[in-house]
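Coordinate inspection notes
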Amino acid sequence: MPQEQSSVKERQHTNTKEPKRYKVTIYNDDFTTMEFVVMVLKVVFFKNDAEAEALMLKVHHSDKAVVGVYSYDVAVSKVRRATQMARDEGYPLRLTYAPE
């Protein structure tokens, strides 16, 4: 019985890597209210009341805090949304994203 030749090649080794993760940092300033920071943390970053309060206090006392680690697209989107919310309310709140 003759062997059949297959035109399908099986991949032996894949070089897949985890996508880079980006940490989002929020910075303290003298004008943005604590209540607004808590609201942004809850609305944009989906933090519960306790997490939002703790992060807000960390920012207040340490001048900055990492609020989350996300894929590039999510990090950029969250920073833009939070920054736009702050500008709409007249606050100079600053957020950044950087590779982990």
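The paragraphs below set out a description of the structure included in this document. Not measured: the values here are computed from a predicted model.

1. Quick notes on helix α1 (residues 34-43)
Burial in α1 covers these residues: Phe36, Val37, Val38, Val40 and Leu41. The secondary structure elements touched by the buried residues of α1 are β1 (21-27), α2 (49-62), β2 (64-71) and α3 (72-88).

2. Overview of the pattern of salt bridges
Within this structure, the stated rule accounts for 1 salt bridge. A salt bridge links Lys42 to Asp49; the nearest nitrogen and oxygen atoms lie 2.6 Å apart. Asp49 gets classed as partly exposed once you look at its relative accessible area, which sits at 48%.

3. Focus on the side chain of Lys78
Here Lys78 lies in helix α3. Among all residues touching Lys78, those that are not within four sequence positions of it are Val44, Phe45, Phe46 and Tyr70.

4. Details of the environment of Lys23
Checked against the element boundaries, Lys23 lands in strand β1. In this structure, the C-alpha to C-alpha distance between Lys23 and Phe46, residues 23 residues apart in sequence, is 15 Å. Here Lys23 is in contact with Val66, Gly68, Val69, Thr96, Tyr97, Ala98 and Pro99, once residues within four sequence places are set aside.

5. Some words on the packing of α1 against α3
Running from amino to carboxyl end, α1 crosses α3 at an angle of 145°, the nearest separation of the two axes being 11 Å. The crossing of α1 and α3 is right-handed. Contacts from Phe36, Met39, Val40 and Val43 in α1 reach Arg81, Ala82, Met85 and Ala86 in α3. Of the residues belonging to the contact of α1 with α3, the class tally is 7 nonpolar, no polar and 1 charged.

6. Quick word on the nonpolar core
Formed by 24 residues in total, the largest nonpolar core has its most connected members in Val24, Phe45 and Leu95. At the level of secondary structure, the elements contributing two or more residues to this core comprise β1, α1, α2, β2 and α3. If sequence neighbours within four positions are ignored, Leu95 has contacts with Val24, Thr25, Ile26, Tyr27, Phe45, Val79, Ala82 and Thr83.

7. A look at the pairing of β1
Burial of β1 is extensive: 5 of the 7 residues sit out of reach of the surface. Here β1 pairs with β2 via 7 bridges, running antiparallel. Within β2, the position partnered with Val24 by the bridge is Gly68. In the sheet, β1 pairs with strand β3 (residues 94-99) via 6 bridges, with the strands oriented antiparallel. In the sheet register, Val24 faces β3, and the bridge partner there is Tyr97.

What counts, and where the lines are drawn
- Residues numbered from 1 in each chain as written.
- Predicted model: local features only at pLDDT ≥ 70, side-chain atom pairs only at ≥ 80, totals over all residues.
- Heavy atoms only, no water.
- Buried < 20%, exposed > 50% of the residue type's maximum accessible area, 1.4 Å probe, protein only.
- Helix = DSSP H or I, 4+ residues; strand = E, 2+ residues; numbered from the N terminus.
- Contact = heavy atoms within 4.5 Å.
- Salt bridge = Lys/Arg side-chain N within 4 Å of Asp/Glu carboxyl O.
- Axes fitted to C-alpha atoms, helices over the stretch in contact; angles between N-to-C directions.
- Left-handed = near helix turned anticlockwise from the far one by under 90°.
- Nonpolar A, V, L, I, M, F, W, Y, C, P; charged D, E, K, R; others polar.
- Core = buried A, V, L, I, M, F, W, Y, C linked by side-chain atoms within 4.5 Å.
- Pairing = 2+ DSSP bridges.

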